[in-house]
Amino acid sequence: MSYRIEDYPALFQLQQEKALALRQAPLQYRKKNLRRLLTWIYDHRADIAAAVRQDLGKPAVEADLSEVQPVTGEIKHTLANLHRWARPQKVAPTLLMVGTSARVYYEPKGVCLIIAPWNFPFNLTVAPLVSALAAGNTAILKPSERSPHTSALIEKMVEELFEPAEVAVVQGAVPETQALLDLPFDHIFFTGSPQVGKIIMAAAARHLSSVTLELGGKSPAIVDETAHIKDAVKKLTWGKFLNCGQTCIAPDYVLVHASKAQELQQALQEQVKEYYEAEDGIERSANYARIIDAKHLARLQTMLDDALQGGAEVVLGGKVIEEDKFLAPTVLTEVKPDAQVLEEEIFGPLLPIVPYTNLDEAIGIINSKPKPLALYIFSRSKQNTRQILRQTSSGSVAINDNVLQYSHLNLPFGGINNSGLGKAHGHYGFLAFSNEKAVLKQRIGLTGISLFYPPYTKWVQKMVELVVRLF
Ligand code: NAD
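Residues numbered from 1 in each chain as written. Predicted model: local features only at pLDDT ≥ 70, side-chain atom pairs only at ≥ 80, totals over all residues. Heavy atoms only, no water.

### A look at the layout of surface pockets
The volume enclosed by the largest pocket comes to roughly 1,100 Å³. As for the largest pocket, its lining consists of 46 residues, and the residues nearest its centre are Gly192, Ser193, Pro194, Gln195 and Val196. Grouping the constituent residues of the lining of the largest pocket by class yields 19 nonpolar, 14 polar and 13 charged. Lining the lining of the largest pocket are residues from two domains, each supplying at least three of them: domain 1 (5-215 + 420-435) and domain 2 (220-412). In this structure, the second largest pocket spans a volume of roughly 450 Å³. As for the second largest pocket, its lining consists of 30 residues, of which Ser66, Pro70, Asn123, Tyr406 and Ser407 are closest to the centre. Listed by contribution, the elements that provide at least two residues to the lining of the second largest pocket are helix H4 (60-86), helix H5 (123-134) and strand S6 (187-191). A domain-level breakdown of the lining of the second largest pocket finds at least three residues from each of domain 1 (5-215 + 420-435) and domain 2 (220-412). (1 Å grid on protein atoms, 1.4 Å probe; cavity = no way out; pocket = protein on both sides within 12 Å on 5 of 7 lines; lining within 4 Å. Points joined across faces, edges and corners; volume = space filled by probe spheres on them. Nonpolar A, V, L, I, M, F, W, Y, C, P; charged D, E, K, R; others polar. Domains from an automatic or database assignment. Helix = DSSP H or I, 4+ residues; strand = E, 2+ residues; numbered from the N terminus.)

Spelled out as structure tokens, the structure:
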């Protein structure tokens, strides 16, 4: 069913009523929903691959690795752990609280809004839904308008599996999202750009809705003088050019120790060839995705032109085929620090290489920019690694790898400040969609605190004095 803007308040009300009922539902009910979702995804793997191929030219292996498995993995991990996560947690009394008992209850927040981007359009819409359902919520999903095939498939899936009162899909772009944001959601889970993240947070403030903001930014990779270059390049080439560079945690630029810069460039050239070169060029490769649309291709072309006008050199790639939304894996050197490609999030297959001579300089460059979503360290030096970990701040770090930290379901996934607010995945995703309700139980009759009730006699004053000093 397609919803018009004027239908949203009624849909919201329907979900509010259902959310109240869901609070009473047993955990088995949530698990049953998750199992049905899992079965649907396994039964429709080919449809998911076809949809993301139409939207992004994504190779089937990448569809399985980056759209299907992250969601099925999230569901299985949740099914295995939900009974522990959802169980009220007993907490020990502090000294002043002796005689009471206390627990943290995890209750569903209520009606949630999930707004998704286009780059991993199935994964980034459905994985947050897994956490929302696991925590016992209802949800309205707003997939991206730029990946229409996947958005339509998600709508079909939701209609086959759920009543609109429990999960519904609203299709649309800015006006539709803004109309949804007028409603008093209990939680908004947004994945997208920092610019739009600010709009979402401002809108959420009108109702004091809680938010999780999964944003983007410039994620650096440091390749130091001790790095194993071949190994680093195998990983970096995959992490950067996967999904045609349109990955929020892709290495955005590489800071390389000057002594290793030549070797790195050479290795990148060879590695790109090995991964993507087809007989008649990378544009024929079955292993390389496409840019989402003409607007983003034009944005990347402008970025590339700007870098070249500033004196940058193309070490590799640079080829654009507009009608095919193709942009080759491109490596740039001699890039001016104020070039767009070093100032804005790239979100495409352009990789600037920036040499440094000492680690303080590289750290200074990272710290001069907003805190990144991810930071990658390629090094065999414990000392260098420790220094980078201590002197930089980012949502996540991978040492001697990239992108992989996303798939570790026992790690929180998210950014910090400009790269995001709040965490997702596994237990952290469950918590994002739960209200951690503090419940204290007191005895009947004489209690510790009753010693301090009025009237405030000299004796009470003495007791309070003791408490202030001792506890
Ligand atoms: P975007 O911010 O343009 O759009 C995201 C969603 O917001 C879409 O559903 C869109 O319809 C909606 N939207 C856009 N403009 C809006 C407005 N003015 N008001 C209300 N809603 C609006 O992002 P995108 O182009 O879809 O995705 C790319 C960005 O997402 C990059 O910055 C990338 O780093 C980030 N991203 C982050 C993660 C993460 O997990 N942290 C994952 C993927 C992408």
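Next comes the rest of the account.
### What to know about the domain arrangement of the protein chain
Each domain of the protein chain was delimited in the assignment, giving domain 1 (5-215 + 420-435) and domain 2 (220-412). Listed by partner, the interface residues are 25 residues for domain 1 and 23 residues for domain 2. In total, domain 1 and domain 2 occlude about 2,100 Å² of area from one another, counting both sides; carbon and sulfur atoms represent 57% of this. On the domain 1 side of the interface with domain 2, the three residues burying the most area are Trp118, Arg146 and His425, jointly 27% of the side's total. (Contact = heavy atoms within 4.5 Å. Buried area = accessible area lost by both parts, 1.4 Å probe.)

### Some details on the sheet that holds S6
Backbone-to-backbone hydrogen bonds join strands into a sheet, with any given pair of strands oriented parallel or antiparallel. Spatially, S5-S4-S3-S6-S7-S17 is the arrangement adopted by the 6 strands of the open sheet, whose pairing is mixed. The outermost strands of the open sheet, each flanked by one partner alone, are strand S5 (167-169) and strand S17 (420-421). Taken strand by strand, helix H7 (residues 174-181) contacts strand S3 (111-115), strand S4 (138-142) and S6, and its axis lies near 160 degrees from that of S3. (Pairing = 2+ DSSP bridges. Axes fitted to C-alpha atoms, helices over the stretch in contact; angles between N-to-C directions.)

### Brief notes about the pattern of salt bridges
A side chain of one charge can pair with a side chain of the opposite charge when the charged atoms of the two come close. Inspection of every chain in the model, using the stated rule, returns 16 salt bridges. Note that aspartate 280 is salt-bridged to arginine 284, the shortest N-O span being 3.7 Å. Relative accessible area serves as the criterion here: at 56%, arginine 284 is assigned to the exposed category. We note a salt bridge from glutamate 465 to arginine 469, for which the minimum N-O separation is 3.1 Å. Taken together, the residues span about one helical turn, with glutamate 465 and arginine 469 both in helix H16 (residues 458-470) at a distance of 4 residues. Residue class for glutamate 465 comes out partly exposed when judged on its relative accessible area of 42%. Judged by relative accessible area, which is 65%, arginine 469 ranks as exposed. (Salt bridge = Lys/Arg side-chain N within 4 Å of Asp/Glu carboxyl O. Buried < 20%, exposed > 50% of the residue type's maximum accessible area, 1.4 Å probe, protein only.)

### What about the packing of aromatic side chains?
Counted under the stated rule, the structure contains 9 aromatic pairs. Centroid distance tyrosine 106 to phenylalanine 430: 6.1 Å. Interplanar angle 50 degrees. Geometry classified as tilted. Remark: phenylalanine 430 occurs in helix H15 (residues 426-432) and tyrosine 106 occurs in strand S2 (residues 101-108); sequence separation between them is 324 residues. Note on accessibility: tyrosine 106 and phenylalanine 430 belong to one class, buried. Between tyrosine 288 and phenylalanine 326 the ring centres are 5.9 Å apart and the planes differ by 70 degrees, which places this aromatic pair in the edge-to-face class. Linking tyrosine 288 in the loop between helix H10 (261-276) and helix H11 (294-309) with phenylalanine 326 in strand S12 (residues 326-327), this pair joins segments that are 38 residues apart in sequence. By relative accessible area, which is 2% here, tyrosine 288 ends up buried. An aromatic cluster is built from Tyr275, Tyr276, Tyr288 and Phe326, whose rings are joined through pairwise contacts. Sitting above the plane of the phenylalanine 162 ring, arginine 36 keeps its charged end 5.9 Å from the centroid. (Phe/Tyr/Trp six-rings, centres within 6.5 Å; stacked < 30°, edge-to-face > 60°. Lys NZ or Arg CZ within 6 Å of the ring centre and 35° of its normal.)

### A word on unusual backbone geometry
Of note, the amide linkage connecting proline 454 to proline 455 takes the cis form, showing an omega dihedral of 0 degrees. Notably, cysteine 244 is not glycine yet its phi reads approximately 60 degrees, a positive angle. In this structure, cysteine 244 sits in the loop between helix H9 (229-241) and strand S9 (253-257). Under the relative-accessibility criterion, cysteine 244 is labelled buried at 0%.

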